[in-house]
Amino acid sequence: MDDKIVIIDTDAGTDDATAIFIALAAHKDPNVNFRIAGITCVNGNTTVDNVCTNVTRILQTADALEIPIFRGCENAMSIPYVLGEHCVPYHGYDGFGDVDLPKIEPKLEDENGVLAIIKLAKEYPGQVSILALGPLTNLAMAVRLEPGLRKTLREIVVMGGNTEAVGNTTVCGEFNFRVDPEAAHVTLATFECPIVVVPWEINKRQNHKDFRLSELTKIKSPAMDLMNRIEVHNVKKVRWSPCDALAAAVLVEPKVIQDSKVVHTTVELFGHHTRGQMVIDHENLLNQRKNAEIVHGIDIPLYLDIIRWGFGGPSYTLKNNENGE
Ligand SMILES: [Ca+2]
């Protein structure tokens, strides 16, 4: 099979960092058919400029600065999302925990991230998988600029949306969808490739804080050193379940999905309380195209093996082979 060519679209974010380290492990592992062609940055957890710096820092840490980084959209397609006045962003104002890190300059390509998605999709027709870890502004803008894109991607794996109307940003809004509901709507309605959605609720049901503190913290690797610094506040919180990491694991190793359902889904744009909520046609009442596979259950031991591997632990592929899989 042809290589899986991957574009990571990110609003990094400490959980994006975990996801990107998993993708980088796949990129570097000769046993995994996975190559990162570029990383596009988008406004979300922090400003797009901070995201560009954070992604540069991740690639520098992984000695992978040959992967091109593109600056994408600096705001939502329609109405900018403003965090409540007294709210501190979950990943800190700079996305990386507001800790004291050495100053670095972002290493960016000249091209905008939206145009880079279009260009790479044309360069590798039918081969490009998108790992979407932030608000979907870049993707939606790309398909509006180049409608042919809706048929030329291999797949999109999205961290975002919700299945039970559980919000983490507003009462009914998951962060990535709520920051740019129009972009989430366009993405789900327009792209015709398989779309896998890893919703908020599946992350909310997990807590791997003990694993994080007792196992991951002790791994000696540049990636883990960086995570131990930028997650210094997040690991003190009640739960540790890095949402974006699960989307990365799903893209790298689809066997991590144990339960999923293919449905028609869309996004509420006009509700006072429900703007940005993902709406699933459970009973097929709209009789519309089933446009997304929603992940409901995962193989947790395999997922944790993949996270370990992302930070320099043993390859999860070797363990699977030992098990005769
Ligand atoms: Ca993210």
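Residues numbered from 1 in each chain as written. Predicted model: local features only at pLDDT ≥ 70, side-chain atom pairs only at ≥ 80, totals over all residues.

As recorded by an unreviewed UniProt entry, the chain carries the name Inosine/uridine-preferring nucleoside hydrolase domain-containing protein and is attributed to Allacma fusca.

**Observations regarding the overall build of the chain**
Going by this rule: Helix and strand assignments come from DSSP, with helices taken as H or I runs of at least 4 residues and strands as E runs of at least 2, each series counted from the N terminus. Using C-beta atoms placed from the backbone, we call a residue buried if 20 or more other C-beta atoms fall within 10 Å of its own, exposed if 12 or fewer do, and partly exposed for counts in between. Residues are defined as contacting one another if the C-beta atoms placed from their backbone atoms lie within 7 Å.
Secondary structure summary: the chain contains 13 helices and 10 strands in total. For the chain, with 325 residues in total, the buried portion stands at 50%. Once local pairs closer than 6 in sequence are excluded, the contacts in the chain between residues at least 24 apart make up 82%.

**A word on the sheet that holds strand E6 (residues 195-198)**
Convention followed: Strand pairing is defined by DSSP finding a minimum of two bridges between the two strands. Note on geometry: axes are C-alpha line fits, over the in-contact stretch for helices, and angles between N-to-C directions span 0 to 180 degrees.
As summarised here, the arrangement of the eight strands in space is E3-E2-E1-E4-E5-E6-E10-E7, forming an open sheet in which the pairing is mixed. Edge positions in the open sheet fall to strand E3 (69-71) and strand E7 (257-263), since each of these has one partner strand only. Mean inter-strand twist for the sheet, computed between neighbouring axes without regard to direction, equals 25°. As defined by bridge partners, E6 adjoins strand E10 (residues 292-298) across two bridges and the pair is classed as parallel. Within the sheet, the bridge partner assigned to Val196 lies in E10 and is Glu293. Sheet strands touched by helix H3 (residues 113-123): strand E1 (4-10), strand E2 (34-41), E3 and strand E4 (128-132). Its angle to E2, the strand with the most contacts, is close to 155°. Contacts from helix H11 (residues 243-252) reach E2, E4, strand E5 (155-159), E6, E7 and E10 within the one sheet, and its direction differs from that of E5 by about 160°.

**Digging into the environment of Arg239**
Within the element layout of this structure, Arg239 appears in the loop between helix H10 (222-230) and H11. C-alpha of Arg239 to C-alpha of Thr265: the two residues are 26 residues apart in sequence and 28 Å apart in space.

**As for the pairing of E10**
Judged by how many residues are buried, E10 sits mostly within the fold: five of seven residues are covered. For E7 and E10, the ladder comprises six bridges, and the chain directions are antiparallel. In the sheet register, Ser260 faces E10, and the bridge partner there is Val295.

**Description of the packing of H3 against helix H4 (residues 137-145)**
The criterion, for reference: Oblique is the label for every angle not falling under 35 degrees (roughly parallel), over 145 degrees (roughly antiparallel), or within 65 to 115 degrees (roughly perpendicular). Note on convention: the crossing is left-handed when the near helix lies turned anticlockwise from the far helix by less than a right angle, right-handed when the turn is clockwise.
One way to put it is that H3 packs onto H4 with a least axis distance of 9 Å and a crossing angle of 60°. It follows that H3 is oblique to H4 by the angle criterion. The chirality of how H3 crosses H4 is right-handed. For the pair H3 and H4, contact is made by Gly113, Val114, Ile117 and Ile118 and by Asn138, Leu139, Met141, Ala142 and Leu145, respectively.

**Description of the packing of H11 against helix H12 (residues 300-310)**
Put simply, the test is: Basically, the charged four are Asp, Glu, Lys and Arg, the nonpolar ten are Ala, Val, Leu, Ile, Met, Phe, Trp, Tyr, Cys and Pro, and anything else, Gly included, counts as polar.
Running from amino to carboxyl end, H11 crosses H12 at an angle of 95°, the nearest separation of the two axes being 10 Å. One finds that H11 runs roughly perpendicular with respect to H12. Counting all contacts with H11, which are made through Ala245, Leu246, Ala249 and Val252, the residues of H12 involved are Tyr303, Ile306 and Ile307. Of the residues belonging to the contact of H11 with H12, the class tally is seven nonpolar, no polar and no charged.

**Here's the deal with helix H1 (residues 14-28)**
For the record, the criterion: Take the number of residues in a helix, subtract one, and multiply by 1.5 Å to get its expected span.
An ideal rise of 1.5 Å per residue puts 21 Å on 15 residues; H1 measures up with 21 Å between its terminal C-alpha atoms. Of all 15 residues in H1, 13 are buried; the element is thus mostly enclosed.

**Observations concerning H4**
With seven of its nine residues buried, H4 lies for the most part within the structure. In this fold, the buried residues of H4 make contact with E1, E2, H3, E4, helix H5 (149-152) and helix H7 (181-190).

**Some details on the nonpolar core**
Put simply, the test is: Here a nonpolar core is just a set of buried residues of the types Ala, Val, Leu, Ile, Met, Phe, Trp, Tyr and Cys, joined wherever their C-beta atoms sit within 7 Å.
Among the nonpolar cores identified, the biggest contains 101 residues, and Ile22, Ala23, Leu131, Val198, Ala247 and Val250 are the most heavily contacted of them. In this view, Ala23 contacts Val6, Ile8, Ile36, Leu131, Ala248 and Val252; residues no more than four positions away in its chain are not counted.

**A look at unusual backbone geometry**
In the segment running from Ala12 into Gly13, the intervening peptide bond is cis, with an omega of -5°. As for its position among the elements, Gly13 is in the loop between E1 and H1. Positive phi, close to 55°, is recorded for Asp98, a residue that is not glycine. Under the C-beta neighbour-count criterion, Asp98 is labelled partly exposed, with 16 such atoms within 10 Å. Look at Asn287: it is not a glycine, yet its phi comes out positive at around 55°. With respect to the helices, strands and loops of the structure, Asn287 is situated in the loop between strand E9 (278-280) and E10.

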